[in-house]
Amino acid sequence: MSQKQTLSFQAEVAQLLHLVTHSLYSNKEIFLRELVSNASDACDKLRYEALENNALYEDQPQLEVRVAFDKQARTLTITDNGIGLSQQEAIDNLGTIAKSGTREFLGRMSAEQKTSATEQGQLIGQFGVGFYSGFIVADRITVESRRAGLAPELGVRWTSGGTGDFEVEQITRPERGTSVILHLREDAVDYLSTWKLKSIIGKYSDHISLPILMRKEEWKEGENNQPGEMVLTEEWETVNQASALWSRPKKDITPEQYQDFYKQISHDWEPPLAWAHNRVEGSTEYTQLLFIPAKAPFDLWNRDKKAGVKLYVKRVFIMDDAESLMPVYLRFVKGVIDSADLPLNVSRELLQESRDVRAIREGSTRRVLSMLEELARLEKDESASEEDKGKYARFWAEFGAVLKEGLGEDTGNRDRLAGLLRFASTQSDLPSVSLADYKARMKEGQKAIYYITAETLAAARNSPQLEVFRKKGIEVLLMADRVDEWALNFLTEFDGTPLQSVTKGAFDLGELQDEAEKKAAEDAAEAFKPVLAKLKEALKDRAEDVRVTSRLVDSPACLVVTDGGMSLQLARMLKQAGQ
Ligand code: ADP
Ligand code: MG
């Protein structure tokens, strides 16, 4: 392919481009974060491939990113000497969207037509628009690249105005790696400034472990009474800290730096609720920097979603979605694990079997649970700020339902997870009742923690099954999350007290019933015997048993499930699923 080729963007790309250029106006500067992060990814990829083939470094072992601008030409150029792109890779990676998550995202965006441009902007920002964010500030982007290991003549120039199509042609490019040249729009000329660019790099890209270089500026006196001005010199200087944030001592990192780092890796626009940064020593050595987001991503419910923890080995990036580092029910956690022990060429398969990885996962899981316990503790801490007090409730509203999956998934931590659960109840409209709160309020003689599951909280609250509990002032936990039914199967007791569904079986209110009530119930059972026999006969294919009950106050009858049977809600769910 030596002549120019014009190709069309995949439909989804065109859609994404339209969204990007129309809804990210309020947060234009993120384009630089995205392009620098791509440059850094490209260097990571080179380093990784070079583990097997050192020749890929050619004569340039020092990996770096350069940011340069040209006021006359109105261009801003981000250059890296990373892995580069072959022609086919340029066509594939810059013209189509390979990631299934992106499609899902776009589907959702068009399904929610009504969201405002700002909301869309936030959503896209969260998603991470990547390369195409360049079109927020540029009306044309040219990419020139040569893949490491290919001959100089096999370079590629890709160019597009960000509408329906792009052009590719072969070029000769002696330097390995990629230059992204942004032809800035008229309203984006303020990015042609060293000061402005440095401040954005400082904000978003300080922690990037590669040096980011810019030309030094120098003051030049004006001639013939003209005012002086800053001019660019030929000398380059490093403008970021260029050390991985997590490898620095905690005391040298400000909360803002942690938050900016979080925003960088998560694409979230809200600061995280909590983070933990630790060097773990012992038989397995690693550094963990883990964040609890304040906001759930749109695809939280996708259990196949990529995990949010990046794996590094001795500062070298290894992989993005190392699912073996976190259990699935903690898939909302973002962060970095940097291992000192794993081999650099570790593969996914190896990760799954590695004892070190198991130790890391267990350690990180415990760390996350401690962070959550700390947030939960703050809720009740008189000396905590209002903001801190509200954090656990925010966490629970976003991620509570996911955390419940852990009851089934992580038996080893079941007790700790049980302590973190929160529910609405007959005494609390808000989902804020912990099992410990419940226990502290239990009536004298009450032997179980009672709960009811239903399709909605309102349905749970209005269930006739609750009549007797209301009458006796016994609290019942209300559950309506889809996972509740399943998750509660794994939690039979809390701190020595059994959990009991009020829709299951003939239960014994025991000492909560006074003598007169017991007597009345027995008498009733006796008196209704003939009626029961008739009912049983009439319902014989549909009900296993018909009993007189003391659980109702106003309603004449209700359905219950035999002990150990499926509860009503689960039965309904299975029926819906066609089982
Ligand atoms: P992401 O970075 O999440 O993969 P982007 O939209 O940012 O998505 O980039 C799309 C793809 O384009 C990247 O996955 C990569 O293959 C390619 N790419 C972008 N920038 C570069 C670069 N500087 N060097 C090499 N490849 C790049
Ligand atoms: Mg990217």
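Quick caveat, the model's predicted, so the values are computed rather than measured.

Visitor: Honestly, helix α10 (residues 386–409) in this entry has me stumped. Any pointers?
Guide: Side chains three or four residues apart in an α-helix point the same way, a direct result of the helix having 3.6 residues per turn. Counted at 1.5 Å a residue, the expected span for α10 with its 24 residues is 34 Å, and the 33 Å between its end C-alpha atoms agrees. Helix geometry: α10 is bent most strongly at F399, by close to 70°. Those residues of α10 not exposed but buried are K391, Y392, F395, W396, F399, L403, K404, E405, G406 and L407. Next to the buried residues of α10 lie β11 (286–292), α9 (355–379), α11 (414–420), β16 (428–433) and α15 (484–488).

Visitor: Explain the nonpolar core to me, please; I cannot follow it from the model alone.
Guide: A general feature of soluble globular proteins is that nonpolar side chains tend to end up buried together. In this structure, V333, I452, V476 and L477 are the most contacted members of the largest nonpolar core, which totals 67 residues. Among the elements that make up this core, the one with the highest residue count is α10 (six residues). Listed in part, the 52 residues of the second largest apolar core include L16, L76, I83 and V143.

Visitor: Any chance you could explain the environment of E455 here in plain terms?
Guide: Along the chain, E455 falls in the loop between β17 (449–453) and α13 (457–461). Residues E455 and D481, spaced 26 residues apart in sequence, show a C-alpha to C-alpha distance of 7.7 Å.

Visitor: Help me understand the pairing of strand β12 (residues 308–313) in this model?
Guide: The side chains of a regular strand alternate, residue by residue, between the two faces of the sheet. Buried residues dominate β12, accounting for six of its six residues. The alternating pattern of β12 places G308, K310 and Y312 on one face and V309, L311 and V313 on the opposite face, and all of these are buried. Bridge count between β12 and strand β14 (residues 334–339): six bridges; the pairing is parallel. If you follow K310 over to β14, its bridge partner there is V336. Pairing geometry for β12 and strand β13 (residues 316–319), over three bridges, is antiparallel. In the sheet register, L311 faces β13, and the bridge partner there is M319. Once β12 ends, the chain turns through two residues before running back antiparallel as β13, passing K314 with a positive phi of about 45°.

What counts as what
Residues numbered from 1 in each chain as written. Chains lettered and ligands numbered in written order. Predicted model: local features only at pLDDT ≥ 70, side-chain atom pairs only at ≥ 80, totals over all residues. Helix = DSSP H or I, 4+ residues; strand = E, 2+ residues; numbered from the N terminus. Expected span 1.5 Å × (residues − 1). Bend = angle between axes of the 7 residues up to and from the residue. Buried ≥ 20, exposed ≤ 12 C-beta atoms within 10 Å, placed from the backbone. Contact = placed C-beta atoms within 7 Å. Core = buried A, V, L, I, M, F, W, Y, C linked by C-beta atoms within 7 Å. Pairing = 2+ DSSP bridges.

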